[in-house]
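Notes for the structure review
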Amino acid sequence: MLNYAMAVASAGRASVMSLDEERMRELYFFTARTLETAHPVPFGALIVNTRSGERLMRATNAVARENDPSAHAEVRTVRLACKKLRCPSLAGYTMYSTCEPCPMCMANALWARLDRVVFGATIADANRHCLQIHVAAKQIARRADMACVVEGPVLRELCCSLFTHPNMQRAFRTWSTR
């Protein structure tokens, strides 16, 4: 297993970016599978061990499926990961998200004590297709007592393509959008 901390120290920022891109690409393909289902979603999240890179949990948005406005991909992934670990803290873990976390999701990441959050598409990208709260994840993290590094966008265009898929465009017409 590649140690994330060692990658940062020995190979520098380029290696970290390639690791982040690899994880984001994996998450993109996982999330893209929903585009061929009855409930397509462009939002997916993945939590990995920061040091080893080992995958802990991944999930997609289930707001429509669960009739729960808090069932965002990031919140669901944190819930499932904490349940799996039997611990409310995810210190030592990194979350990847196909889209910049909304304020609710970023606050949840902070309360879970995640080390890092890495996102693909931006809130502005998502807002072209669905309603958003216009507060950047980095701004939420800066104003918190808990430390969490927020990085992105990573593979932005790839993640944006989840929003423009024809099946997703059809689904957006049924969402509560502008």
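Here the structure is shown first, and the text comes after it.
Residues numbered from 1 in each chain as written. Predicted model: local features only at pLDDT ≥ 70, side-chain atom pairs only at ≥ 80, totals over all residues. Heavy atoms only, no water.

Regarding the overall build of the protein
Across its full length, the protein holds 9 helices and 5 strands. Ordered by position from N to C terminus, the α and β elements of the protein give α-α-β-β-α-α-β-α-β-α-α-β-α-α. Within the protein, the fraction of its 178 residues that count as buried is 50%. Put simply, of all contacts in the protein between residues at least 6 apart along the chain, 64% involve residues at least 24 apart. (Helix = DSSP H or I, 4+ residues; strand = E, 2+ residues; numbered from the N terminus. Buried < 20%, exposed > 50% of the residue type's maximum accessible area, 1.4 Å probe, protein only. Contact = heavy atoms within 4.5 Å.)

Some thoughts on the nonpolar core
The tendency in soluble globular proteins is for nonpolar side chains to be buried as a group. Residues M24, I47, V78, L90, M95, M106 and L114 are the most contacted members of the largest nonpolar core, which totals 47 residues. A total of 5 residues in this core trace back to one element, the largest contributor, which is helix α2 (residues 13-32). Other than its neighbours up to four places away in sequence, M95 contacts A45, L46, I47, E74, V78, A109, L114, R116, V117 and V118. (Core = buried A, V, L, I, M, F, W, Y, C linked by side-chain atoms within 4.5 Å.)

Thoughts on the packing of aromatic side chains
As enumerated under the stated definition, the model contains 4 aromatic pairs in all. Note on Y28 and F29: the rings are 5.1 Å apart at their centroids and 75° apart in plane angle, and the pair reads as edge-to-face. On the basis of an interplanar angle of 80° and a centroid distance of 4.9 Å, the ring pair of F172 and W175 is categorised as edge-to-face. (Phe/Tyr/Trp six-rings, centres within 6.5 Å; stacked < 30°, edge-to-face > 60°.)

Concerning the packing of helix α4 (residues 73-85) against helix α5 (residues 103-111)
Two elements in contact, α4 and α5, have axes separated by 8 Å at closest approach and are oriented at 25°. With respect to each other, α4 and α5 are oriented roughly parallel. For the pair α4 and α5, the sense of crossing is left-handed. Every residue of α5 that contacts α4 at E74, V75 and V78 is listed here: M104, C105 and N108. (Axes fitted to C-alpha atoms, helices over the stretch in contact; angles between N-to-C directions. Parallel < 35°, antiparallel > 145°, perpendicular 65-115°, else oblique. Left-handed = near helix turned anticlockwise from the far one by under 90°.)

Details of the pairing of strand β1 (residues 44-49)
When you tally the buried positions in β1, you get 5 out of 6 residues, the bulk of the element. Two strands pair when backbone bridges link them, and β1 and strand β2 (residues 55-60) are joined in this way by 5 bridges, in the antiparallel orientation. Residue pairing in the sheet places A45 in a bridge with A59 of β2. Where β1 folds back on β2, the antiparallel hairpin that results is connected by 5 residues, among which G53 adopts a positive phi of roughly 80°. Pairing between β1 and strand β3 (residues 93-99): 5 bridges, direction antiparallel. Its bridge partner being in β3, N49 is matched across the sheet by Y93. (Pairing = 2+ DSSP bridges.)

What about α5?
The periodicity of an α-helix, 3.6 residues per turn, causes residues three or four places apart in sequence to face the same way. What α5 keeps buried is the set P103, C105, M106, A109 and L110. Seen along its axis, α5 keeps its buried residues to an arc of 165°; they face one direction. Considering only its buried residues, α5 is in contact with α4, β3, β4 (116-121), α7 (137-142) and β5 (149-151). Phi turns positive one or two residues past the end of α5, at R113, with a value near 70°. (Arc of directions from axis to C-beta.)

With respect to α4
Helix length check: α4, at 13 residues, gives a terminal C-alpha distance of 18 Å against a target of 18 Å (1.5 Å per residue), a fit within 8%. When we look at burial in α4, the residues that qualify are A73, E74, V75, R76, T77, V78, A81 and C82. On its buried face, α4 is in contact with β1, β2, α3 (63-66), β3 and α5. Following α4 by one or two positions, R86 has its phi on the positive side, about 55°. (Expected span 1.5 Å × (residues − 1).)

A few points about unusual backbone geometry
In this chain, G152 is followed by P153 through a cis amide linkage whose omega measures 5°. Checked against the element boundaries, P153 lands in the loop between β5 and α8 (156-164). Its identity is not glycine, yet R113 carries a phi of approximately 70°, on the positive side. Looking at where R113 falls in the secondary structure, it is placed in the loop between α5 and β4. By relative accessible area, R113 is classed as partly exposed at 40%. If you check the backbone angles, L155 has positive phi at about 55° while not being a glycine. Along the chain, L155 turns up in the loop between β5 and α8.

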